[in-house]
Amino acid sequence: MNVKYDFKSLEPKWQKYWEEKGIYRVTERSDKREYYCLEMFPYPSGNLHMGHVRNYSIGDVVARFKTMEGYNVLHPMGWDSFGLPAENAAIQRGVHPSVWTKDNIANMKRQLKSMGISYDWEREATTCLPDYYKWTQWLFLQLYKNGLAYKKKAAVNWCPSCATVLANEQVVEGACERCGTTVDKKDLEQWFFKITDYAQRLLDDLEKLPGWPEKVKTMQKNWIGRSEGVEVQFKAAATGDPLPVFTTRHDTIFGVTYMVLAPEHPMVEKLTAGTPYEAEVKAFIRKVQQLSNVDRTSNELEKEGMFIGAYAVNPMTGEEVPIWITNYVIMDYGTGAVMGVPAHDSRDFDFAKKYGLPIKPVISPPGEKLSGETMSEAYVESGIMINSPGFDGMANEEAMTAIADYMEEKGLGKRVINYRLRDWLISRQRYWGAPIPIVYCDKCGIVPVPDDQLPVILPLDVEFKPNGESPLKTSPTFRETACPKCGERAERELDTMDTFVCSSWYFLRYCDPKNSEQAFAKEKADYWMNVDQYIGGVEHAILHLMYARFFVKVLHDLGLVSAEEPFENLLTQGMVLKDGSKMSKSKGNVVSPEDIINQYGADTARMFILFAAPPERDLEWNDAAVEGCYRFLNRVWRLVVSNLEIIKKGQETVDTGLFTKEEKDVRRAVHQGVKKVTEDISQRFNFNTAISAIMEMVNAMYDYREKTAGKVNPSVFREAAEKLLLLLAPFAPHITEELWHLMGKEGSIHQAAWPTYEAEALKQDLINIVVQVNGKVRDHLDVAPDLDGEGMKELVLASAKLPQWTGGKNIVKIITVPKKLVNIVIK
RNA sequence: GCGGGAGUGGCGGAAUUGGCAGACGCACCAGACUUAGGAUCUGGCGGGUAACCGUGGGGGUUCAAGUCCCUUCUCCCGCACCA
């Protein structure tokens, strides 16, 4: 028999078979343990790229492996299908976003299917379809009704190119995360989700996620940015107006020599109105505000400021200090006011030096004396309190508590916790998103759309013009509506939701995707959640992963789901590189998955991408190595196909009685392989070493065939071939299915049980140990596997080779490690 | 500046608990089969003639170090006036 490995015909054949038999469809069932394997759903840009191939190949191995292990595995896929690119396509090519998106989904779905991934397509979720966004809107209303969604006017990040606002998280180094355009500030009425209410829980519960990479948890911790301090009640000297400052270094309160306000601070205007400083202060504020956000937050920026002619009273000392405004204090953190302690803060030090403000040390390094005149940098370490009446001589850490206690007692300040995390701005002035289900009525004000009027359908009769205006404003049918409360003429909210809202709950919809009565049934969500394994790019470490955590906590609090965290284990995959850098059109180094699948087949593509590097690490694309994986699959093919008759002759069970040495060797390799592959997949997700173990198995089988001149033991060979195909099945699902059936097996290999190994088959008659002299390898010995240390020592001392090893020198001692080595220490 | 990760053959990578460094694959070299080979098979493949030397550099602990400790360099990623 000499059939060629024809992936071109057999891959589609089995894909069709799987689909027809529905072998990847799952339902809740009590007789099996559940496992939820999830890969981040893609934005339907039109074509799969290698990053997707990697993501979904990893997920498919996990899903198939867990299925074979006997779990009831949920493995769904869907589309994060709202977003700006669809609108840009509409402007550039005159295609409606809905058409463009639908076509892209169709194409990418076809590509995904050609990869042979084990998705339950019956559970497909598409965020831009009304049956999905109806529930996104419903969830918005749940937040609204519980005080977690609110509207406020705020200085928000505005991307002039995308013509929309952005969440803080979407601004990277002062530029739009998507298009790189410098972001402006704009005062707008916008919708926010109160994620800050959950700041502490989002922080605390990171502890409950041991299955997440430290790196991601650290990034979230930093983003939440908890800091403990004291809000100290300074007052304006002239008017008595309160000027609270937030500080984490209240131990330095006696070292305050000035106060700084953010230029936007509301007190600035009040304190300067009608004074000789007014005009100059206004000019300064204008200058600062003209700076783009990038410049304003840049480290390079020279600290600049000016005295505003007013003074503040330090509540601890009664002392009056000058009030300045500066470009290095920002309004939206703390109170927008900072106490200046140049002796112990490097920023304040620079500022004081530049403007000749006094420097007063209040913490002294042990055994040293600081003087404001001679200091060349701020002293930020710990030390002993000085110049701080009532607290002198204390360690500054001790004074932290003492001063905070004192201030609380005297009503001069109170302990507060500040977070860097801001509320999540979810309004987008764009068309292609889920409409915010709110109506504005002149009489009734802000009115939520009642549940029975959901979904608020995104209208199709809109115009796309390259002027940045939201096309939704042009819909003749959308804007005007009747107030749900009073029935009078009212207007709909024209903003749509940030797409991150849609992706914050899609994993719940997968649990119950066709439900038309609810977003999802609680029992179903509770059956599947949490996601046991979540896989995706590290670029979502903050945005998506934090929003999804927030959503699940809110839904938990509303009693809609039991889970408190969405993702039990998180795997962040590395990037796919070509010639050392990320694949991109502009660099012209893109390798198309479709081309690779056409040339080598999906199995080869999957094998390569899993073999070339461990999943978390970046992966360098290498055409020659792809060829190598293709050769390997051909080798597997020939090994099975050319021995089909023998394999079929073999018995279901092997007679473990009397094996030849060759039979023992090949069985050991096979069972060893089962052990290694099982461990590599389940304990470490090291698919690269799992595949190399399978390669070693194949090499051992070829070796066996050669050593026996083709006269192999049919039962042994059959056992080996079966285990080989079962181990390979999660990686290369098509070729293994074909060979499985050629071997005469009934049913899909993907519904077969994961292979087991026999401890007995792993045993060796003799094992090879190393003889070292002073740690250097000198010889090898074959010994019985159960030889203990004492026995090894005797063996070495009795050996005729001993003088050769030691060169006649004195033996100081002999170290033995059973099954491993003997080390003779000589002098 | 702060936080995290990584440096191993020509290349991707292995070494899981301190125990033979370089598994597996790619590339390369030689041979076999062949009209032919970009197919397949066999063998070789860190450096050095060798003793030996080799996991970014230097030091240390240990019978034994890629692995532990100290120190230093380089690269990548994230955060960055957060008071």
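Here goes a summary of the coordinates provided. Along each chain, residues carry numbers from 1 onward, in the same order as the chain's sequence is written. Each chain takes a letter, starting from A, and each ligand takes a number, starting from 1, following the order in which they are written. At least 70 in pLDDT is required for a residue's local features to be given in this predicted model, at least 80 for side-chain atom pairs to be given and counted, and no such filter applies to totals for whole chains, interfaces and linings, which use all residues. Side-chain calculation: all heavy atoms of the structure are included, whereas hydrogens and water are not.

Quick look at the overall build of chain A
For step 1, the next point in the chain: Secondary structure elements follow DSSP: runs of H or I no shorter than four residues count as helices, runs of E no shorter than two count as strands, and numbering proceeds from the N terminus. The secondary structure content of chain A amounts to 27 helices and 34 strands.
For step 2, the next point in the chain: For the C-alpha atoms alone, the extent of chain A along its principal axes is close to 105 × 85 × 50 Å.
For step 3, the next point in the chain: Scored against the burial criterion, the 827 residues of chain A give a buried share of 54%.
For step 4, the next point in the chain: Should any heavy atoms of two residues lie within 4.5 Å, those residues are considered in contact. Partitioning the contacts of chain A with sequence separation of at least 6, the portion at a separation of at least 24 is 72%.
For step 5, the next point in the chain: Think of it this way: Lys and Arg go in the positive column, Asp and Glu in the negative one, and His and the chain ends go nowhere. Lysine's charge is taken at NZ, arginine's at CZ, aspartate's at CG and glutamate's at CD. Counting 100 positive and 113 negative side-chain charges, chain A places the averaged centre of each group 4 Å from the other. Burial classification: accessible surface area is computed with a 1.4 Å probe over protein chains only, and a residue below 20% of its type maximum counts as buried, one above 50% as exposed, and the rest as partly exposed.

Focus: the protein's contact with RNA strand B
For step 1, the next point in the chain: Throughout this document, a residue counts as near a molecule or strand when at least one of its heavy atoms sits within 4 Å of that molecule or strand. Around RNA strand B sit 55 residues in total, of which T247, T248, R347, K676 and N823 are the nearest.
For step 2, the next point in the chain: Backbone atoms, meaning sugar and phosphate, form 61% of the atoms of RNA strand B found within 4 Å of the protein.
For step 3, the next point in the chain: R684 is positioned such that a nitrogen or oxygen atom in its side chain is 2.9 Å from a phosphate oxygen of RNA strand B.
For step 4, the next point in the chain: Pairs of N or O atoms within 3.5 Å make up the polar contacts considered here, provided that, within protein, one atom can donate a hydrogen while the other can accept it, and that residues adjacent in sequence are counted only when both atoms are side-chain atoms. For RNA strand B, a phosphate oxygen lies 3.1 Å from a polar atom in the side chain of N688.
For step 5, the next point in the chain: Looking at which element gives the most residues to the surface near RNA strand B, the answer is helix α22 (residues 687–707), with seven residues.
For step 6, the next point in the chain: Residues are grouped as follows: Ala, Val, Leu, Ile, Met, Phe, Trp, Tyr, Cys and Pro are nonpolar; Asp, Glu, Lys and Arg are charged; every other residue, Gly included, is polar. Tallied by class, the residues present in the surface near RNA strand B amount to 19 nonpolar, 16 polar and 20 charged.

Regarding the packing of aromatic side chains
How two aromatic rings sit relative to each other is given by the distance of their centres and the angle of their planes.
For step 1, the next point in the chain: Here the aromatic set is Phe, Tyr and Trp, taking the six-membered ring for Trp, and pairing holds for ring centres within 6.5 Å; pairs whose planes are under 30 degrees apart are stacked, those over 60 apart are edge-to-face, and all others are tilted. Scanning all chains against the criterion turns up 51 aromatic pairs.
For step 2, the next point in the chain: Between the aromatic rings of F7 and Y630, the centroid separation amounts to 6.0 Å while the plane-to-plane angle is 90°, which identifies the pairing as edge-to-face. Of the two residues, F7 is situated in helix α1 (residues 7–21) and Y630 in helix α19 (residues 623–641); the sequence distance between them amounts to 623 residues.
For step 3, the next point in the chain: For F7, a relative accessible area of 7% corresponds to the buried category.
For step 4, the next point in the chain: Classification of Y630 by relative accessible area gives buried; the value is 19%.
For step 5, the next point in the chain: Taken together, a centroid distance of 5.4 Å and an interplanar angle of 65° make the contact between F307 and Y311 edge-to-face.
For step 6, the next point in the chain: Distance and angle both matter: a charge sits over a ring if NZ of Lys or CZ of Arg is within 6 Å of the ring centre and within 35 degrees of the ring normal. Above the face of the W18 ring, R64 is positioned so that its terminal group lies 5.3 Å from the ring centre.
For step 7, the next point in the chain: In this arrangement the basic side chain of R420 is found over the ring face of W223, its NZ or CZ atom lying 4.5 Å from the centre.

Overview of unusual backbone geometry
For step 1, the next point in the chain: In this chain, L454 is followed by P455 through a cis amide linkage whose omega measures 0°.
For step 2, the next point in the chain: Take P455: it is sitting in the loop between β22 (445–448) and β23 (480–482).
For step 3, the next point in the chain: A cis geometry characterises the amide bond from M529 onward to N530, with omega recorded as 0°.
For step 4, the next point in the chain: Of note in the backbone geometry, N387 takes a positive phi value of approximately 50° without being a glycine.
For step 5, the next point in the chain: By secondary structure assignment, the location of N387 is in the loop between β17 (384–385) and α12 (396–410).

Regarding the side chain of T252
For step 1, the next point in the chain: Examined against the element boundaries, T252 turns out to sit in the loop between β11 (242–247) and β12 (258–261).
For step 2, the next point in the chain: The exposure class assigned to T252 is buried, which follows from its relative accessible area of 2%.

Points about the packing of α22 against helix α23 (residues 714–728)
For step 1, the next point in the chain: An axis is simply a line fitted to the C-alpha atoms; with a helix, the fit covers only the stretch in contact. Between two such axes, the angle follows the N-to-C directions and lies from 0 to 180 degrees. Following both chains from N to C, one finds α22 and α23 inclined at 160°, their axes separated by 11 Å at the closest point. As the angle between them shows, α22 and α23 are arranged roughly antiparallel. For the pair α22 and α23, the sense of crossing is left-handed. Counting all contacts with α22, which are made through I694, M697, V698, M701 and Y704, the residues of α23 involved are V716, F717, A720, A721, K723, L724, L727 and L728.
For step 2, the next point in the chain: In the contact of α22 with α23, the residues fall into 12 nonpolar, no polar and one charged. Should an angle fall under 35 degrees it is taken as roughly parallel, and over 145 as roughly antiparallel, whereas 65 to 115 is taken as roughly perpendicular and any remaining angle as oblique. Helix crossings are classified by the rotation of the near helix relative to the far one: an anticlockwise turn of less than a right angle makes the crossing left-handed, while a clockwise turn makes it right-handed.

Notes on the environment of P450
For step 1, the next point in the chain: Relative to the elements of secondary structure, P450 occurs in the loop between β22 and β23.
For step 2, the next point in the chain: You can call P450 partly exposed: its relative accessible area is 27%.
For step 3, the next point in the chain: Along the backbone, P450 and Q764 are 314 residues apart, and their C-alpha atoms lie at a distance of 73 Å.

Some words on the side chain of E493
For step 1, the next point in the chain: Here E493 shows up in the loop between β24 (489–492) and β25 (496–497).
For step 2, the next point in the chain: Assessed through its relative accessible area of 4%, E493 is described here as buried.
For step 3, the next point in the chain: A polar contact is formed between the side chain of E493 and the side chain of W191, at a distance of 2.9 Å.
For step 4, the next point in the chain: At a separation of 2.9 Å, a polar atom in the side chain of E493 contacts the main-chain amide nitrogen of D495.
For step 5, the next point in the chain: Beyond its immediate chain neighbours, meaning those up to four positions away, E493 contacts K151, W191, I436, I438, Y440 and F478.

Describing a negative patch on the surface
For step 1, the next point in the chain: Patches were defined on residues exceeding 30% relative accessible area and lacking a salt bridge, with like-charge contacts within 9 Å and nonpolar side-chain contacts (Val, Leu, Ile, Met, Phe, Trp, Tyr) within 5 Å. Under the convention used here, a 1.4 Å probe and the Shrake-Rupley method define accessible areas, while residue burial counts only the protein chains that appear. Every case where a carboxyl oxygen of Asp or Glu lies within 4 Å of a side-chain nitrogen of Lys or Arg is listed as a salt bridge. Together, D786, D788, E790 and E794 give the surface a local cluster of negative charge.
For step 2, the next point in the chain: Mapping E790 onto the fold places it in helix α26 (residues 789–798).
For step 3, the next point in the chain: Classification of E790 as partly exposed rests on a relative accessible area of 47%.

Some details on the sheet that holds β23
For step 1, the next point in the chain: Only when DSSP finds a minimum of two bridges between them are two strands counted as paired. If you walk across this open sheet you meet the four strands as β22-β21-β24-β23, and the pairing is antiparallel. Two strands close off the open sheet at either side, each with one partner strand: β22 and β23. Averaged over neighbouring strand pairs, the angle between their axes works out to 40° when direction is ignored.
For step 2, the next point in the chain: In this sheet, β22 lies alongside strand β21 (residues 438–441) in antiparallel orientation, the contact comprising four bridges. For Y440, the partnering residue across the bridge sits in β22 and is I446.

Observations regarding the sheet that holds strand β27 (residues 570–573)
For step 1, the next point in the chain: Taken in spatial order, the four strands of this open sheet run β2-β1-β26-β27, and their pairing is parallel. Bordering the open sheet on either side are β2 (72–74) and β27, each of which pairs with just one other strand. For this sheet, the mean angle separating the axes of adjacent strands, direction not counted, is 20°.
For step 2, the next point in the chain: Pairing between strand β26 (residues 533–537) and β27: four bridges, direction parallel.

Concerning α26
For step 1, the next point in the chain: Residues of α26 that are buried: G789, G791, M792 and V796. When α26 is viewed along its axis, its buried side chains cluster within an angular range of 160° and face the same direction. Among the exposed residues of α26, those oriented more than 90 degrees off its buried face are E794 and A798.
For step 2, the next point in the chain: Turning to α26, the residues buried within the fold contact β31 (767–773), α27 (802–806), β33 (811–817) and β34 (821–826). In this description, one arc is meant: the one made by directions from the helix axis to the C-beta atoms.

Structural notes on the pattern of salt bridges
For step 1, the next point in the chain: As enumerated under the stated definition, the model contains 51 salt bridges in all.
For step 2, the next point in the chain: Linking K109 and E124 is a salt bridge whose minimum nitrogen-to-oxygen distance equals 2.6 Å. Of the two residues, K109 sits in helix α4 (residues 97–114) while E124 sits in the loop between α4 and β4 (125–126), which places them 15 residues apart along the sequence.
For step 3, the next point in the chain: Note on E124: relative accessible area 23%, which makes it partly exposed.
For step 4, the next point in the chain: With a closest N to O distance of 3.6 Å, D451 and K145 form a salt bridge. Separated by 306 residues along the polypeptide, D451 in the loop between β22 and β23 and K145 in helix α5 (residues 130–145) bring together distant segments of the chain.
For step 5, the next point in the chain: Under the relative-accessibility criterion, K145 is labelled partly exposed at 48%.

Here we look at the nonpolar core
If you look at soluble globular proteins, the nonpolar side chains tend to sit buried side by side.
For step 1, the next point in the chain: Among buried residues, those of type Ala, Val, Leu, Ile, Met, Phe, Trp, Tyr and Cys that are joined through side-chain atoms within 4.5 Å constitute a nonpolar core. The biggest cluster of nonpolar side chains holds 193 residues, and the ones touching the most others in it are W424, F507 and F731.
For step 2, the next point in the chain: Ranked by residue count, the leading element in this core is α22, at 11 residues.
For step 3, the next point in the chain: Ignoring sequence-local partners within four residues, the contact set of F731 consists of V61, R606, M607, L610, I681, F687, A690, I691 and I694.
For step 4, the next point in the chain: Listed in part, the 55 residues of the second largest apolar core include F254, Y379, A404 and L412.

That's the geometry; what it means functionally is another story.
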